[in-house]
Amino acid sequence: MSITLYLPKDAASLALGADRVARALTRAAQARGLDVELVRTGSRGMLWLEPLLEVATPEGRIAYGPVRPGDIESLLDAGLAEGGAHRLRIGRPEEHPYLARQQRLTFGRCGIIDPASVEDYRAHGGYRGLEAALAAGPAGTVEAVKASGLRGRGGAGFPTGIKWNTVMLAQAPQKYVVCNADEGDSGTFADRMLMEGDPLTLIEGMTIAAVAVGATRGYIYCRSEYPHAFAALETAIAAAERAGFLGADVMGSGRAFHLEVRLGAGAYICGEETSLLESLEGKRGIVRAKPPIPALKGLFGQPTLVNNVLSFAAVPWILEHGGPAYAAYGMGRSLGTLPIQLAGNVKRGGLIETAFGLSLREVIEDFGGGTGSGRPLRAVQVGGPLGAYFPDTLLDTPLDYEAFAAKKGLLGHGGIVVFDDTVDLARQARFAFEFCAAESCGKCTPCRIGAVRGMETIDKVLAGESPRENLALVTDLCEVMTDGSLCAMGGLTPVPVMSALTHFPEDFSGRGAKLPLAAE
Amino acid sequence: MPSHEHARGASREPWDAGRAAGIIAEHAHREGATLPILHALQETFGYVDGEAVPLIADALNLSRAEIHGCLTFYHDFRAEPAGRHTVKLCRAEACQAVGADALHEDVLRRYDVAWHGTTRDGRVTVEPVFCLGLCACGPAALVDGEPVGRLDLDTLADALTERAA
């Protein structure tokens, strides 16, 4: 009898030893003469349980985790093939409270299917969105995206349907669809998980976009820090081409869409869309002034639709089920679901896709189980390196674009990084400047010079040198950077700095050079 | 498995201008070919030799300044070969939250190397990286392109041994 087992091969599972588990499993199965089919999937996103091994049984899949290579013999002894009892058995994964409480629209297939298989993708509802889009036509497709209320998931939150409409109406011999897969924000990994675990959802979303706006060429700009995502995308694009879902005649529609994945080269600024376009054109990633907006004058000067991975990936579900069905999730003007990434010092980190509106506390305490170290939580950074540090008293803020803006924070790409009480917020504020200095493209002065001066001034504060005067200088500098920078890099670096200063002033009291502030 | 520059240093070819010209010609027809060319050269030779700059500029009809600008703007591209193994340590916030800063000090001391530096025996180059998307299982690293989570000195040494095998 053949046993079908599932084991993730996304970068996080590999980082936790999934390949070693696979080798141990293959060896043990051979020794016992078992006929095992091992399907390598993406991750379900319960990262403290990785590597999570699942077995197909008549009652559905049964999961075990976290599995170490040394557990394989005892798992087989316990009747792994039938889903037998074992101390690592967690039962049906979809019934695990962490997953049962989620609304997985975008990540519905991630961790379940073979990411390289178009057949598996279709068997799980794949390409129904593209079918619907081809039937609805460009205007009908854009209408559905507008009705969904989808806002750009990369961080800016711009209404996706309006952007699509602008590119659709633009007249040009060549239009482009570009996916921003330069997920550089610390604490975020949803793009990576999707690209590695269900890349065809992104590819389908981009194909729908191309058909809607009239683009025949597309690029995915994937950061080089994600070699496994890059490889998974190349494999999936080739598979989609072979199956007729990409290329000269998409699904027999007579429309062409050629998609290529390009590799970034380690510049955080290339996550900014105009800098990304410069990089795709083969230049330094220097930010462009807007206007003109990329929707009208983007890649090689042509109308270009630039969206984040998660924005494109939300689209197949929206087209299949209709815009209003998506808009039924969420709150206020934040509609649909947000893939939240819970990370840092937390007991149960992972991917949590739910409707907008959960509070930070619900996410960190109910899903996350508090800090990983067991020490009291002191600060939470939401939205990447340009996001605010919130103290415990702000944990009841709901995850909603406007609610975060009202607290001088930002939701960004939905990453939440938890810190325990050992964190030093003055050091974190200094790091925000240091990061900006390292990653600034250098085009505008407030960002290029401001970041360096900010770092130096915080060093003076920490050395006890006129702390009050120097903190006033930092505050003033932050105002200049906010108002005078060309893009979000310089414009938002003050967010982590000022939130640290506002909510944790006690950390800036000039204790002398207590901490080694290692500069790069 | 990763097909680009993270692959093992030991398999690199020595710099060869003729071979480089061939690689450049393979990619020159692509839209915005500069980055794909630089990646391909680095994958082959382990770094991008200064001699490549005029070759690329000629092939793409760009100025040498434009190619030099690209080569030096992006953190990934190296002007000289790295050690036999490359360790990229994540210095971003999620890893900081689980003690990465202290760990990195230990790593640099243990291997007697500075950021971007190579151990004296040429075995290991240590580089900083800002986020590997392994933020719920940090401290994180890429060792020759292979991810390692919950990193400490022992798991790093194990990963290096495994890569050398």
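Residues numbered from 1 in each chain as written. Chains lettered and ligands numbered in written order. Predicted model: local features only at pLDDT ≥ 70, side-chain atom pairs only at ≥ 80, totals over all residues. Heavy atoms only, no water.

- Looking at an unreviewed UniProt entry, one finds chain B named Formate dehydrogenase subunit gamma, with Methylobacterium terricola as its source organism.

- Where an unreviewed UniProt entry is consulted, chain A appears under the name Formate dehydrogenase, with the organism given as Methylobacterium terricola.
- Under the Sequence similarities (unreviewed entry) heading, UniProt states for chain A: "Belongs to the complex I 51 kDa subunit family." (UniProt positions renumbered as here; feature names shortened; annotations may be inferred.)

### What about the overall build of chain B?
Here's step 1: Across its full length, chain B holds 7 helices and 4 strands.
Here's step 2: In chain B, the order of α-helices and β-strands from amino to carboxyl end is α-α-α-α-β-α-α-β-β-β-α.
Here's step 3: The C-alpha atoms of chain B give a radius of gyration of 17 Å, which matches the 15 Å a tight globule of 165 residues would have.
Here's step 4: Out of the 165 residues belonging to chain B, those deemed buried represent 58%.
Here's step 5: Here the analysis covers contacts within chain B between residues at least 6 apart in sequence; of these, 62% occur between residues at least 24 apart.
Here's step 6: When the accessible surface of chain B is summed, it comes to about 6800 Å², and 50% of that surface belongs to carbon and sulfur atoms.
Here's step 7: Seen as two clouds, the 15 positive and the 25 negative side-chain charges of chain B have centres 4 Å apart. (Helix = DSSP H or I, 4+ residues; strand = E, 2+ residues; numbered from the N terminus. Rg over C-alpha atoms; globule rule 2.2 N^0.38 Å. Buried < 20%, exposed > 50% of the residue type's maximum accessible area, 1.4 Å probe, protein only. Contact = heavy atoms within 4.5 Å. Areas by Shrake-Rupley, 256 points an atom, 1.4 Å probe, with all protein chains shown as cover. Lys, Arg positive; Asp, Glu negative; His and termini not counted. Charge placed at Lys NZ, Arg CZ, Asp CG, Glu CD.)

### Topic: the domain arrangement of chain B
Here's step 1: Here the domain parsing of chain B yields domain 1 (9-73) and domain 2 (85-164).
Here's step 2: Summarising the inter-unit geometry, the C-alpha centres of domain 1 of chain B and domain 2 of chain B are found 28 Å apart. (Domains from an automatic or database assignment.)

### Notes on the UniProt feature "binding site: [2Fe-2S] cluster" (unreviewed entry) in chain B
All names here are of chain B.
Here's step 1: Annotation from UniProt places "binding site: [2Fe-2S] cluster" (unreviewed entry) at Cys90, Cys95, Cys131 and Cys135. Despite a sequence span of 46 residues, these residues sit close together in the fold, their greatest C-alpha distance being 9.4 Å.
Here's step 2: When you line up the elements, Cys95 lands in helix 5 (residues 93-96).
Here's step 3: On the basis of relative accessible area, Cys95 is assigned to the buried category, the value being 3%.

### Some words on helix 6 (residues 100-110) of chain B
Residue and element names in this part refer to chain B.
Here's step 1: Buried residues of helix 6: Ala100, Leu103, His104, Val107 and Leu108, and no others. Buried positions in helix 6, seen along its axis, are confined to an arc of 135 degrees and lie on one side of it.
Here's step 2: Structurally, helix 6 contributes buried residues whose contacts are with strand 1 (85-90), helix 5, strand 2 (124-129) and helix 7 (153-164).
Here's step 3: Asp112 sits one or two positions beyond helix 6 and adopts a positive phi of about 50 degrees. (Arc of directions from axis to C-beta.)

### Looking at the packing of aromatic side chains
Residue and element names in this part refer to chain A.
Here's step 1: Under the defined criterion, the tally for this structure stands at 18 aromatic pairs over all chains.
Here's step 2: Summarising the aromatic geometry, the rings of Tyr127 and Phe245 are spaced 3.8 Å apart at their centres and angled 15 degrees between planes, so their arrangement reads as stacked. You can see Tyr127 sitting in the loop between helix 5 (118-123) and helix 6 (128-148) and its partner Phe245 sitting in the loop between helix 10 (227-242) and strand 8 (258-263), a full 118 residues away along the chain.
Here's step 3: Classification of Tyr127 as buried rests on a relative accessible area of 0%.
Here's step 4: Relative accessible area serves as the criterion here: at 5%, Phe245 is assigned to the buried category.
Here's step 5: With centroids separated by 6.1 Å and ring planes inclined at 25 degrees, the aromatic side chains of Phe431 and Phe435 adopt a geometry described as stacked. Of this pair, Phe431 and Phe435 both sit in helix 16 (residues 425-439), 4 residues apart, which is roughly one turn of the helix. (Phe/Tyr/Trp six-rings, centres within 6.5 Å; stacked < 30°, edge-to-face > 60°.)

### Quick notes on the layout of surface pockets
Here's step 1: Roughly 1200 Å³ of internal volume is contained in the largest pocket.
Here's step 2: As for the largest pocket, its lining consists of 50 residues, and the residues nearest its centre are Gly154(A), Gly155(A), Ala156(A), Gly271(A) and Glu272(A).
Here's step 3: For the lining of the largest pocket, the secondary-structure elements that each account for two or more residues are helix 7 (160-169), strand 9 (304-308), helix 15 (401-406) and helix 19 (488-492) of chain A.
Here's step 4: Of the residues in the lining of the largest pocket, the class split is 22 nonpolar, 16 polar and 12 charged.
Here's step 5: Those elements giving two or more residues to the lining of the second largest pocket turn out to be helix 1 (11-15) and helix 2 (18-31) of chain A together with strand 4 (146-148) and helix 7 of chain B. (1 Å grid on protein atoms, 1.4 Å probe; cavity = no way out; pocket = protein on both sides within 12 Å on 5 of 7 lines; lining within 4 Å. Points joined across faces, edges and corners; volume = space filled by probe spheres on them. Nonpolar A, V, L, I, M, F, W, Y, C, P; charged D, E, K, R; others polar.)

### Section: the side chain of Gln341(A)
Residue and element names in this part refer to chain A.
Here's step 1: Tracing the sequence through the fold places Gln341 in strand 12 (residues 337-344).
Here's step 2: Among the polar contacts listed, one links the side chain of Gln341 to the backbone oxygen of Pro339, at a separation of 2.8 Å.
Here's step 3: In this structure, Gln341 is in contact with Glu183, Gly187, Thr188, Phe189, Ala190, Gly350, Leu351, His413, Gly414, Gly415 and Ile416, ignoring residues within four places of it in sequence. (Polar contact = N/O pair within 3.5 Å; in protein donor to acceptor, adjacent residues only side chain to side chain.)

### Some points on the sheet that holds strand 16 (residues 415-420) of chain A
Strand pairing in a sheet relies on backbone hydrogen bonds, with the paired strands running either antiparallel or parallel.
All names here are of chain A.
Here's step 1: One open sheet holds the 5 strands; their spatial order is 13-12-16-14-15, and the pairing between them is mixed. Where the open sheet ends on each side, the last strands, each with one partner, are strand 13 (350-355) and strand 15 (389-391). Taking each pair of neighbouring strands and ignoring which way they run, the sheet shows an average axis angle of 30 degrees. (Pairing = 2+ DSSP bridges. Axes fitted to C-alpha atoms, helices over the stretch in contact; angles between N-to-C directions.)

### Let's talk about the domain arrangement of chain A
Residues and elements named next belong to chain A.
Here's step 1: Its domain assignment divides chain A into domain 1 (2-100), domain 2 (118-327), domain 3 (330-420) and domain 4 (425-508).
Here's step 2: For domain 3 and domain 4, the distance between their C-alpha centres works out to 23 Å.
Here's step 3: In total, domain 3 and domain 4 occlude about 1200 Å² of area from one another, counting both sides; carbon and sulfur atoms represent 70% of this.
Here's step 4: Interface area lost by domain 3 to domain 4 is led by Arg378, Leu386 and Tyr389, which between them contribute 57%.
Here's step 5: The tally of links between domain 3 and domain 4 comes to 2 salt bridges.
Here's step 6: One salt bridge in this structure joins Arg378 and Glu506, with 3.1 Å as the shortest N-O distance.
Here's step 7: Our enumeration of links across domain 3 and domain 4 arrives at 4 residue pairs in polar contact (both at pLDDT 80 or more).
Here's step 8: Those elements that place two or more of their residues in the side of domain 3 that touches domain 4 are strand 14 (377-382) and strand 15.
Here's step 9: In the side of domain 3 that touches domain 4, the residues fall into 10 nonpolar, 2 polar and 2 charged. (Buried area = accessible area lost by both parts, 1.4 Å probe. Salt bridge = Lys/Arg side-chain N within 4 Å of Asp/Glu carboxyl O.)

### Overview of the pairing of strand 6 (residues 176-181) of chain A
Looking along a regular strand, one sees the side chains alternate between the two faces of the sheet.
Residue and element names in this part refer to chain A.
Here's step 1: Of all 6 residues making up strand 6, 6 are buried, and the element is well covered by its neighbours.
Here's step 2: Burial of the side chains of strand 6 extends over both faces: Tyr176, Val178 and Asn180 are buried on one face and Val177, Cys179 and Ala181 on the other.
Here's step 3: Judged from the 6 bridges that link them, strand 6 and strand 7 (residues 217-222) form a sheet pairing that is parallel. Looking at the pairing, Cys179 lines up with Ile220 of strand 7.

### Some details on the pairing of strand 13 of chain A
Residue and element names in this part refer to chain A.
Here's step 1: With 6 of its 6 residues buried, strand 13 lies for the most part within the structure.
Here's step 2: In the sheet, strand 12 pairs with strand 13 via 6 bridges, with the strands oriented antiparallel. If you follow Gln341 over to strand 13, its bridge partner there is Leu351.
Here's step 3: Hairpin connection between strand 12 and strand 13: a loop of 5 residues separates the two successive antiparallel strands.

### So, the interface of chain A and chain B
Here's step 1: Each partner contributes residues to the interface: chain A has 71 residues there, and chain B has 48 residues.
Here's step 2: Between chain A and chain B lies a buried interface of about 4400 Å² when both sides are counted; carbon and sulfur atoms form 56% of it.
Here's step 3: Taken together, chain A and chain B are joined by 6 salt bridges.
Here's step 4: The salt bridge partner of Glu31(B) is Arg217(A), with a shortest N-O separation of 3.6 Å.
Here's step 5: Connecting chain A to chain B are 25 residue pairs in polar contact (both at pLDDT 80 or more).
Here's step 6: Broken down by element, the residue count for the side of chain A that touches chain B peaks at 7 residues, all from helix 16 of chain A.
Here's step 7: Counted by class, the side of chain A that touches chain B contains 36 nonpolar, 17 polar and 18 charged residues.

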